[in-house]
Amino acid sequence: MSYSMNCKDVAKALSEESRLPLQAQDHVRSCNLCRELVSALNSSIPVDPPSPATLRQIAKGIGTNLRPVRPLAPARHFFRAFVGIFFSIVALDVYRRGAFAIAVMTPLQTAAILSVLAVSTGLLTYSLVHQMVPGSRHRISPRLPPVGIPISLTIVIAVLFQFQHEQNFWENAWACIRAGAPIGALAAVAFWLMLRRGAILSPSMTGAATGLLAGLVGTSVLEIHCPNLDAWHILASHLGAAMLCALAGLVIGLAAEVNVYAADSPFKREPQGDIE
Amino acid sequence: MSGVSKEIFPQGVTPHLAAANDSQMESGLQENVVPRQSFANLDRWMERYQQADPEAPAALVGALSPALLRFFKSQVASREQADDLLQEAWLRIHRVRHTYRPGEPVLPWIYAIARRVRVDGYRRTRRITLHEIGMELLPEVPTQADARNPGPTFDTLVAALPQAQREVVTMLKVGGLTLDEVARATSSTVGAVKQKAHRAYERLRKLLQIQEEGGAR
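Just so it is clear, the model here is predicted, and its values are computed rather than measured.

Conventions used here
Residues numbered from 1 in each chain as written. Chains lettered and ligands numbered in written order. Predicted model: local features only at pLDDT ≥ 70, side-chain atom pairs only at ≥ 80, totals over all residues. Helix = DSSP H or I, 4+ residues; strand = E, 2+ residues; numbered from the N terminus. Rg over C-alpha atoms; globule rule 2.2 N^0.38 Å. Buried ≥ 20, exposed ≤ 12 C-beta atoms within 10 Å, placed from the backbone. Contact = placed C-beta atoms within 7 Å. Domains from an automatic or database assignment. Nonpolar A, V, L, I, M, F, W, Y, C, P; charged D, E, K, R; others polar. Axes fitted to C-alpha atoms, helices over the stretch in contact; angles between N-to-C directions. Parallel < 35°, antiparallel > 145°, perpendicular 65-115°, else oblique. pLDDT = per-residue confidence, 0-100. Expected span 1.5 Å × (residues − 1). Left-handed = near helix turned anticlockwise from the far one by under 90°.

Undergrad: Just checking my understanding: could you explain the overall build of chain A for this structure?
TA: Helix and strand counts for chain A stand at eleven helices and zero strands. Shown N-terminal to C-terminal, the secondary structure of chain A runs as helices and strands in the order α-α-α-α-α-α-α-α-α-α-α. Against the globule reference of 19 Å for 276 residues, chain A gives a C-alpha radius of gyration of 26 Å, more extended than a compact globule. Seen along its three principal axes, the alpha-carbon backbone of chain A occupies a region of about 75 × 65 × 30 Å. The 276 residues of chain A split such that 41% are buried. Partitioning the intrachain contacts of chain A with sequence separation of at least 6 by distance along the chain shows that 81% fall at a separation of at least 24.

In structure tokens, the structure reads:
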């Protein structure tokens, strides 16, 4: 049985395969518009290649004082390092403050919230590790975790914990934010030390993701330490600490991005690639 | 054109259309594409570049610059801007050459950096000029179009696309990257690249239709 394609099918075939299937070719032969599209996409416009003098100038420019550099370590090493930093800071801080929340949460609440935090950490770490190297394969778009994780955590907290009207809400929330944000800042410094040799493509996106990951260190500590199970409190202060860190990371990343494109001609700057 | 194609597209039936020939259709539009053979051994040259082999910069610049220039030319208006971006891209590549992991494909790494350079260049230009050129309608067919091919050319056609779609189509059809490589270069997923390409071709077909209807009146 033969299947005849229409224009939409051809557009789909063009976007999926480097070679047009036979049915698509048949349609292109009989359809003026598709034929014109194929022909136009295939037309060649003479673009003068760069002049040999330009190429020589570029090659000479980057070849002067060329020094060997050490490539970035494999992704799995960075992944382990990020996760190690995350859990080390959480463990040390929980050891120092005490795990009072575990005693008051139900096993379901404990398992669910810690699992979601662990999965979020894994996703963010995976995303960050792949952002370090341009041209890495992303199975999840790097734009997704910084947006999706706070939304997921909000939903999980709203489902797991009850909304109450506690007295001294803002005082308690402020106390937790004051405890969680510095932990996040400490983790952010450690993560930045890991990231500083890579992650050159989108400082704002990397900044937001790093800030959120660092903030989740604070959130994890607070979730294990703070016995206040009011959903409003957890959202405003525990998750709030992570959001503050993410915002700070985004702002720093945006500033770095502006610094790059607002600079004068890059050829006026000193090359800094020779690290080792 | 082959004999079969001559029968299908006899002279005079579609005189205003550029006929896509059989090989073009089979290859899914390959004429623009920079041959992949010219990128052979790029990974080895990249490794030698990282090890400070003095021959490596010239080899890489020679092999990759034409494709990069074509990429920039299809993204910006003028040749001068494209030349500037090419130089800036190489400087950026030089600075971050340590971020290339030996064994990984080179083209997505190069295009990811080139893409970033283009974005930074666009922002810098926008800061200076503070005006934009509307590209919603298909531009006029340029006079330098091939005499055999009076229809819209690749550059005039993709100029009508939104930036993200134009970028994907240019990488696929001019850079010769695979879907996976484009996904890597754009920090995206293969599914998202397919979707952008599909929307781009749909949009182009509609624009051609509008143009043809306008021409018929």
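Undergrad: Explain the overall build of chain B here, please?
TA: Along its length, chain B carries ten helices and zero strands. Mapped from its N terminus to its C terminus, chain B presents α and β elements in the order α-α-α-α-α-α-α-α-α-α. When burial is assessed residue by residue, chain B has 45% of its 217 residues classed as buried. Counting only contacts in chain B whose residues sit at least 6 apart along the sequence, the fraction spanning at least 24 positions is 59%.

Undergrad: Which parts of the structure should I look at to understand the domain arrangement of chain B?
TA: The figure often quoted for interface size is the accessible area lost as the parts come together. Residue and element names in this part refer to chain B. According to the domain assignment, chain B contains domain 1 (33-133) and domain 2 (137-217). Counting from both sides, the interface comprises 14 residues of domain 1 and, opposite them, 16 residues of domain 2. Breaking the side of domain 1 that touches domain 2 down by element, the ones donating at least two residues are α4 (56-75) and α6 (106-129). Residue composition of the side of domain 1 that touches domain 2, by class: nine nonpolar, two polar and three charged.

Undergrad: Honestly, the packing of helix α7 (residues 107-131) of chain A against helix α8 (residues 144-160) of chain A in this entry has me stumped. Any pointers?
TA: The relative placement of two packed helices is expressed as an angle between their axes plus a distance between the axes. Residue and element names in this part refer to chain A. The N-to-C vectors of α7 and α8 enclose an angle of 180 degrees; their axes lie 11 Å apart at closest approach. By the criterion of interaxial angle, the relationship of α7 to α8 is roughly antiparallel. Taking contact as the criterion, the partners of Gln 109, Ala 112, Ile 113, Val 116, Ser 120, Leu 123, Leu 124 and Ser 127 in α7 are, on α8, Pro 145, Ile 149, Ser 152, Leu 153, Val 156 and Leu 160. Of the residues that constitute the contact of α7 with α8, the class distribution is ten nonpolar, four polar and no charged.

Undergrad: Please clarify how the environment of Ser 39 of chain A should be interpreted in this entry.
TA: Along the chain, Ser 39 of chain A turns up in helix α3 (residues 32-42). With 43 residues separating them along the chain, Ser 39 of chain A and Phe 82 of chain A place their C-alpha atoms 50 Å apart.

Undergrad: Would you mind showing me how to read the domain arrangement of chain A here?
TA: With domains assigned, chain A is organised as domain 1 (7-41) and domain 2 (75-260). Here domain 1 of chain A and domain 2 of chain A have C-alpha centroids that lie 47 Å from each other.

Undergrad: Sorry, what's going on with the environment of Gly 135 of chain A here?
TA: Along the chain, Gly 135 of chain A falls in the loop between α7 and α8. Sequence separation between Gly 135 of chain A and Asp 26 of chain A is 109 residues; the distance between their C-alpha atoms is 36 Å. Filtering out sequence-adjacent residues up to four positions away, Gly 135 of chain A remains in contact with Glu 104, Pro 105, Pro 108, Trp 109, Ala 112, Arg 184 and Ala 185 of chain B.

Undergrad: Would you explain α3 of chain A in this entry?
TA: Helical geometry: 3.6 residues make up each α-helical turn, so side chains three or four residues apart lie on a common side. The buried count for α3 of chain A comes to nine of eleven residues, which makes it a mostly enclosed element. Turning to α3 of chain A, its buried residues number three or more, namely Cys 34, Arg 35, Glu 36, Leu 37, Val 38, Ser 39, Ala 40, Leu 41 and Asn 42 of chain A.

Undergrad: Is there a simple way to think about the confidence of the model for chain A in this case?
TA: Atomic detail in the predicted coordinates should be set aside for any region of low pLDDT. In the predicted model, chain A carries a mean pLDDT of 87, and 90% of its residues have values of at least 70. Long-range and interchain partners of residues 264-276 of chain A, a stretch whose pLDDT sits below 50, account for 23 contacts in this model, where long-range means more than four residues apart.

Undergrad: How do you make sense of helix α10 (residues 203-225) of chain A when you look at a structure like this?
TA: When the terminal C-alpha atoms of α10 of chain A are compared, their 33 Å separation across 23 residues agrees well with the 33 Å that a helix rising 1.5 Å per residue should span. Among the 23 residues in α10 of chain A, 22 count as buried, and that is most of the element.

Undergrad: How do you make sense of the packing of helix α5 (residues 75-97) of chain A against α7 of chain A when you look at a structure like this?
TA: Residues and elements named next belong to chain A. As a packed pair, α5 and α7 sit with axes 9 Å apart at the nearest point and diverge in direction by 140 degrees. The angle between α5 and α7 falls in the class oblique. Taken as a pair, α5 and α7 cross one another with a handedness that is right-handed. When α5 is examined against α7, the residues Ala 75, Phe 78, Phe 79, Phe 82, Val 83 and Phe 86 are found in contact with a partner set consisting of Thr 121, Thr 125, Tyr 126, Leu 128, Val 129 and His 130. Its residues placed into classes, the contact of α5 with α7 shows nine nonpolar, three polar and no charged.

Undergrad: Got a minute to help me understand unusual backbone geometry in this structure?
TA: Glycine aside, residues mostly have negative phi, and peptide bonds are mostly found in the trans state. Within the chain, Asn 168 of chain A stands out as a residue other than glycine whose phi angle is a positive 55 degrees. Tracing the chain through its elements places Asn 168 of chain A in the loop between α8 and α9 (169-195). Look at Asn 168 of chain A and you get exposed, because 9 C-beta atoms sit within 10 Å. Look at Ala 52 of chain B: it is not a glycine, yet its phi comes out positive at around 70 degrees. Note that Ala 52 of chain B resides in the loop between α3 (42-50) and α4.

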